[in-house]
Amino acid sequence: MAKMFDTSLRIDAAGPPGIPIVNNLRFLRHNAWYALDRVATRFPGPVVPLTGGNGSVVLLRGEEGARAYFTENDVFERLSDGIFALPKGRPWSKMFDAVITFNGDRHRRSRRLLMPITHKNAMDHYATVFAETLRRSRFAGDDGEPFDMAAEFLDITRANMLVCLLGIEVNDANVRLAGDVARLLRAFQNPLVLLFPSEAAWTPHGRWLRDLASVYDRLELLIERKRADDPRRDALSILCHTVDENGDRLSTPEIAGELHGLFAAGFETTAMSMTWALLTILGTPGPVPGTEHDLDAAVRESQRLLPTVPFSLPRRVARDIRVGPTVVPKGALAFAAPVLEHHDPASFPDPGVYRPDRWTGAKFSPYAFLPYGVGQRRCLGASFADLQIRTTLGLMRWPSLLTTEVDYVIRSGATAFPGKPVYVRTGPHTPAPGPVTGSVRRLWAA
Ligand code: HEM
């Protein structure tokens, strides 16, 4: 914690001054919108000291800021254990042993050994699974009963992760395993789990450690079985049988950590990207996408307008670095904000307007459109997610939108969810819904 509140870090960025500690507390009291609404717009340069008055938490923005943030990986280091400086070597540490938290050579090695899971042969297999999962979903029914599209997409992506990532069928025990994996990370954000680290079985922390051990036991058992089995096209089998040109391979505990990370990074994000895409398609008057090209443009435009990961995963600044006129101090906690870049009128004229045709023949800077980040740390599952979104929406008969008041809520500081269920109905089409209202309109203006 101490590092996050290092209000002694000096920074000289043009913009209004502030009182260091008061501003740090004010920043924490608000949700992430605070940075957008109140702070970022008041600082003109590529470096925005989010806490005002000191350099403990900074936002890097614009072409110059985003380029430094996403390409200077040896300076902007991914945090290994969330934003809290937790002690190392504890039972939970294995949860952070994955490509998503590694830096330097360790990061490069993990990425190299994970890459085969997105090779073409595997992707062809995944596409077949995605189509089959959609066929079994409520989107393929026509009973006319309303259902929550976000919840249904979560079921769909969970099933796809079980079959494509772990290579196991969708049954009760495996769905429970997926739920337990997802809960581990959520529990880590519960202050009761973190602040009272008693290992007694009845405490939240003790329960969490027990759950953690049980999840990792199940994953390691699965890995051992896959190693003994013939190679197959699911990602876990590929990882178990991948040996690089130097004879290097991931060990069983390493694969378990990676599976946890891949699941945590890919399950809710993909479901919410599909939710925002379907919402913008159904909630915009006019024809729905009729061709692959139209759908691709609609998905990109929804990812631009309502990004599922509006703020990047935080980095710690490893040494002083100059970005534009400002020196970002060593020790600062740094963010980039794809949502701000996506709404920069210099890159996207009328940024609040949903306009899929802006993608036809257009070329945008890789630092302006960042749904998956960019550079050496770009989302490792981006092609898996893209294929899943386009296969699922591409094969769907469009339902009707019933809920039109939708809030854009950032949960756990990372993923944007609708605040409440968003109901749709399949079957014969009902009249077009009224205009969509709610806090999504702060980004989706017209
Ligand atoms: C639409 C769905 C998804 C979105 C919007 C998304 C977005 C992101 C973003 C923004 C980052 C961080 C980039 C950065 O801070 O530099 C990231 C990293 C990552 N994502 Fe995704 N992601 C999605 C799906 C997936 C899937 C399906 C998987 C796995 C199967 C996955 C695995 C990862 C991993 C492993 C990283 C860390 C990469 C590294 O640090 O080298 N993601 N993702």
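In this text, all values refer to a predicted model and were calculated from it rather than measured experimentally.

**A few points about the sheet that holds strand 5 (residues 315-317)**
Pairing is mixed in the open sheet, where 5 strands are placed in the order 1-2-8-5-3. Every other strand in the sheet has two partners, leaving strand 1 (47-49) and strand 3 (76-78) as the edge strands with one partner each. Taking the axes of each pair of neighbouring strands and ignoring which way they run, one obtains an average angle of 35° across the sheet. As defined by bridge partners, strand 5 adjoins strand 8 (residues 333-336) across 2 bridges and the pair is classed as antiparallel. By the bridge assignment, R315 is partnered in strand 8 with A334. Where helix 3 (residues 62-71) meets the sheet, its contacts fall on strand 1, strand 2 (57-60), strand 3 and strand 8, and the angle it forms with strand 8 comes to roughly 120°.

**Examining the confidence of the model for the protein**
For the protein, per-residue confidence averages 90 on the pLDDT scale, and residues scoring 70 or more make up 95% of the total. With pTM at 0.94, the complex prediction returns an ipTM value of 0.99.

**Looking at the domain arrangement of the protein**
Each assigned domain of the protein is listed with its residue range as follows: domain 1 (1-87 + 310-369) and domain 2 (97-306 + 371-446). The gap between the C-alpha centroids of domain 1 and domain 2 is 26 Å. At the interface, 28 residues of domain 1 touch 25 residues of domain 2. For the side of domain 1 that touches domain 2, the secondary-structure elements that each account for two or more residues are helix 3, strand 3 and helix 13 (338-342).

**Re the site of the ligand**
In the neighbourhood of the ligand, 24 residues make up the surrounding shell, with G266, T269, G373, C379 and G381 lying closest. Contributions of two or more residues to the shell around the ligand are made by helix 11 (252-282) and helix 14 (382-394). In terms of residues, the shell around the ligand owes the most to one element, helix 11, which gives 7 residues. Its residues assigned to classes, the shell around the ligand comprises 13 nonpolar, 9 polar and 2 charged. The two domains that each donate at least three residues to the shell around the ligand are domain 1 (1-87 + 310-369) and domain 2 (97-306 + 371-446).

**Regarding the pairing of strand 2**
Neither face of strand 2 is left uncovered, since the one carrying V57 and L59 and the one carrying V58 and L60 both have all their residues buried. Across 3 bridges, strand 1 lies against strand 2 in antiparallel orientation. In the sheet register, V48 faces strand 2, and the bridge partner there is L59. Pairing between strand 2 and strand 8: 4 bridges, direction parallel. In the strand pairing of strand 8, L60 is matched with A336.

**A word on the nonpolar core**
Taken as a class, soluble globular proteins show a tendency for nonpolar side chains to be buried jointly. Of all hydrophobic cores here, the largest spans 80 residues; its most connected members are L165, L259 and A277. Ignoring anything within four residues of it in the chain, the contact list for A277 reads A298, V299, S302, I389 and L393. Membership of the second largest hydrophobic core comes to 33 residues, among which are L9, A35, F43 and V328.

**Re the sheet that holds strand 4 (residues 147-148)**
Within the open sheet, the 3 strands sit side by side as 4-12-9. Their pairing is antiparallel. Of all strands in the sheet, those bounded by a partner on one side alone are strand 4 and strand 9 (400-401). Alignment of strand 4 against strand 12 (residues 423-425), held across 2 bridges, turns out to be antiparallel. Considered in strand 12, the bridge of D148 is made with Y423.

**What about the pairing of strand 10 (residues 408-411)?**
In terms of strand pairing, strand 10 meets strand 11 (residues 415-418) through 4 bridges, oriented antiparallel. In the sheet register, R411 faces strand 11, and the bridge partner there is T415. Connecting the antiparallel pair strand 10 and strand 11 is a turn made up of 3 residues, with S412 showing a positive phi of about 50°.

**Overview of the UniProt feature "binding site: heme" (unreviewed entry) in the protein**
Mapped onto this numbering, the UniProt entry annotates "binding site: heme" (unreviewed entry) at C379. Here C379 is to be found in the loop between helix 13 and helix 14. The contact partners of C379, leaving out residues within four places of it in the chain, are Y372 and G373.

**Here we look at helix 14**
Over its 13 residues, helix 14 runs 17 Å from end to end, which matches the ideal 18 Å to within 8%, given 1.5 Å per residue. Buried within helix 14 we find F384, A385, Q388, I389, T392 and L393. The buried residues of helix 14 occupy one face: seen down the axis, they fall within an arc of 135°. Check the buried side of helix 14 and you find it contacts helix 5 (120-135), helix 6 (149-166), helix 11 and helix 12 (292-305).

**Considering helix 9 (residues 204-228)**
Counted at 1.5 Å a residue, the expected span for helix 9 with its 25 residues is 36 Å, and the 36 Å between its end C-alpha atoms agrees. Every buried residue of helix 9 is listed here: W208, L209, L212, Y216, L219, L222, I223 and K226. Looking at the buried positions of helix 9, the neighbouring elements they touch are helix 6, helix 7 (172-188), helix 8 (191-195), helix 10 (235-241) and helix 11.

**Remarks on the environment of D217**
With respect to the element layout, D217 can be found in helix 9. Exposure remark for D217: the 11 C-beta atoms within 10 Å place this residue in the exposed category.

Here is what the cut-offs are and how they apply
- Residues numbered from 1 in each chain as written.
- Predicted model: local features only at pLDDT ≥ 70, side-chain atom pairs only at ≥ 80, totals over all residues.
- Pairing = 2+ DSSP bridges.
- Helix = DSSP H or I, 4+ residues; strand = E, 2+ residues; numbered from the N terminus.
- Axes fitted to C-alpha atoms, helices over the stretch in contact; angles between N-to-C directions.
- Contact = placed C-beta atoms within 7 Å.
- pLDDT = per-residue confidence, 0-100.
- Domains from an automatic or database assignment.
- Near = placed C-beta within 6 Å.
- Nonpolar A, V, L, I, M, F, W, Y, C, P; charged D, E, K, R; others polar.
- Buried ≥ 20, exposed ≤ 12 C-beta atoms within 10 Å, placed from the backbone.
- Core = buried A, V, L, I, M, F, W, Y, C linked by C-beta atoms within 7 Å.
- UniProt positions renumbered as here; feature names shortened; annotations may be inferred.
- Expected span 1.5 Å × (residues − 1).
- Arc of directions from axis to C-beta.

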